[in-house]
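Remarks on the overall topology
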Amino acid sequence: MLSIESIVSASRRIHPFVNKTPILSSSLLNHWLGHKIFFKAECLQKIGAFKARGACNTIAWLRENNKLDDTAQSRPRIIANSSGNHAQAVAWAASQFKIPATVYMPENVSTVKARATAAYGAEVVFCKNRLETDAQVTLTAKQDNVYWVPPYNHEQVVAGQGTAVFEALSELGEIDAVFAPCGGGGLLSGSLIAARALSPHAAVIGAEPLNANDAAESRRKGSIQTLQNTPQTLADGAMTLAVGDITFEYLKQLDEFYEVSEADIAYWCQWLNHLLKVRIEPTGALSMAAVKQWLAKQSDSKTVLVVLSGGNMDGKTAQKLWCTDYLTSTPCLTG
């Protein structure tokens, strides 16, 4: 298992490249809910998502440990598979180290994320679905001097993602709970490590779409469960078919885990965009539904940290998000 030292090392590696994102809050939301809620705004990170941290740390670690052979007959190449934010992160991070990258993406990926990936300099290869994407990257990874940066199931990816909560808790000090969304579990795994070290009494709580609840099913059954089809959810950053064997070991240690309906994802995405005045994608907002459910069970005032994982959203997703106006219903802990 990784230790806090791994996250401290990751923070040192990526410091010259990534943004130290701000911590936001809404006095109105705090008043309505009766608790203090702080938001780590990774929507303002490079490429618009926390994924920049894990990708940058992994490639920097590869360089630091001479894993990429520039003297070989074939040039070193970074490859990745992703539904969006990790794709952009790998493309961006590889460009920082002047290493060519190829990213495999499913055809149903967010258009804006696919175009951004190409704009950062990566070759984008579209596959029919997520299963085909995963199979293609596994095959390519067998080539000489090719290194696969997985979206979550890699120790250096986890360490990099953990730097978000490490930064936040270094600023805030001890709090009562940390919330983060779950796709493949990399962000939650890193958040758990950071929180256990910097705020050991804090509950660490995950959330994922009910329509893509492989992690929740895995926690219930005690073994990794795989979805058979690509899930349909607004939270496209959490459409993974299964968590990894590395991340699952951390997910089992979480204090609580919530499954969030599509209506609740849309509700909190609309309200957080309105209250915080920043662009937040549905995956970044889904944790607030878990926050509400958890706070409703508390008998005294709590201080919590929520990781806003990203802010990349295309027009189709925005249309689906706003087809119902949820701003007519004020946030509260009852009802």
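Residues numbered from 1 in each chain as written. Predicted model: local features only at pLDDT ≥ 70, side-chain atom pairs only at ≥ 80, totals over all residues. Heavy atoms only, no water.

**Section: the overall build of the protein chain**
Along the backbone of the protein chain there are 14 helices and 10 strands. Its C-alpha radius of gyration of 19 Å places the protein chain within 12% of the 20 Å reference for a compact globule of 335 residues. Seen through its C-alpha atoms, the protein chain measures out along the principal axes to roughly 65 × 40 × 40 Å. Here the protein chain holds 335 residues, and 59% of them are scored as buried. (Helix = DSSP H or I, 4+ residues; strand = E, 2+ residues; numbered from the N terminus. Rg over C-alpha atoms; globule rule 2.2 N^0.38 Å. Buried < 20%, exposed > 50% of the residue type's maximum accessible area, 1.4 Å probe, protein only.)

**Let's talk about the sheet that holds strand 2 (residues 36–41)**
Sheet strands associate in pairs through backbone hydrogen bonding, adopting either a parallel or an antiparallel arrangement. Read across the sheet, 6 strands follow the order 1-2-10-7-8-9 without closing on themselves; strand pairing throughout is mixed. Each edge of the open sheet is held by one strand with a lone partner, namely strand 1 (23–24) and strand 9 (256–260). Each of strand 1, strand 2, strand 8 (203–209), strand 9 and strand 10 (303–308) is contacted by helix 11 (residues 262–276), which is oriented at about 100 degrees to strand 9, the strand it contacts most. (Pairing = 2+ DSSP bridges. Contact = heavy atoms within 4.5 Å. Axes fitted to C-alpha atoms, helices over the stretch in contact; angles between N-to-C directions.)

**Digging into the packing of helix 3 (residues 51–64) against helix 4 (residues 85–96)**
The axes of two packed helices give the description: the angle between them and the distance between them. Running from amino to carboxyl end, helix 3 crosses helix 4 at an angle of 40 degrees, the nearest separation of the two axes being 8 Å. Classified by the angle their axes make, helix 3 and helix 4 are oblique. For the pair helix 3 and helix 4, the sense of crossing is right-handed. Contacts between helix 3 and helix 4 pair K51, A52, A55, C56 and I59 from the former with N85, H86, A89, V90, W92, A93 and A94 from the latter. (Parallel < 35°, antiparallel > 145°, perpendicular 65-115°, else oblique. Left-handed = near helix turned anticlockwise from the far one by under 90°.)

**Considerations on the nonpolar core**
In globular proteins that are soluble, nonpolar side chains generally tend to be buried together. With 41 residues, the main nonpolar core has I37, F39 and M288 as its most contacted residues. For this core, the secondary structure elements donating two or more residues are helix 2 (27–33), strand 2, strand 7 (177–181), strand 8, strand 9, helix 11, helix 13 (287–295) and strand 10. Here this core gets 9 residues from one element, more than from any other, and that element is helix 11. In contact with F39, other than residues within four places in its own chain, are P22, I23, L24, S25, L29, L272, L276, M288, V306 and L308. Within the second largest apolar cluster, 32 residues are counted, among which are V178, L188, L254 and V307. (Core = buried A, V, L, I, M, F, W, Y, C linked by side-chain atoms within 4.5 Å.)

**Quick word on the side chain of N273**
Its location among the elements puts N273 in helix 11. N273 has contacts with V278, R279 and I280, leaving out every residue within four places of it along the chain.

**Description of the environment of Q45**
Mapping Q45 onto the fold places it in the loop between strand 2 and helix 3. Spatially, the C-alpha atoms of Q45 and T21 are 6.1 Å apart, while their sequence positions differ by 24 residues. The contact partners of Q45, leaving out residues within four places of it in the chain, are V18, N19, T21, F50, A52 and R53. Polar contacts involving the side chain of Q45 include one to the main-chain amide nitrogen of N19, which spans 2.8 Å. (Polar contact = N/O pair within 3.5 Å; in protein donor to acceptor, adjacent residues only side chain to side chain.)

**As for the environment of C127**
On the secondary structure map, C127 appears in strand 5 (residues 123–127). Sequence separation of C127 and P106 is 21 residues, and the distance between their C-alpha atoms is 4.8 Å. With near-sequence residues (within four places) excluded, C127 lies in contact with Y104, M105, P106, E107, E132, T133 and Q136.

**Considering the pattern of salt bridges**
Within this structure, the stated rule accounts for 13 salt bridges. Note that R220 is salt-bridged to E217, the shortest N-O span being 2.6 Å. Here E217 and R220 lie together in helix 9 (residues 214–221), a separation of 3 residues that amounts to about one turn. The partner of R220 in a salt bridge is E259, and the shortest N-O contact between them spans 2.9 Å. (Salt bridge = Lys/Arg side-chain N within 4 Å of Asp/Glu carboxyl O.)

Structural measurements only, silent on function.
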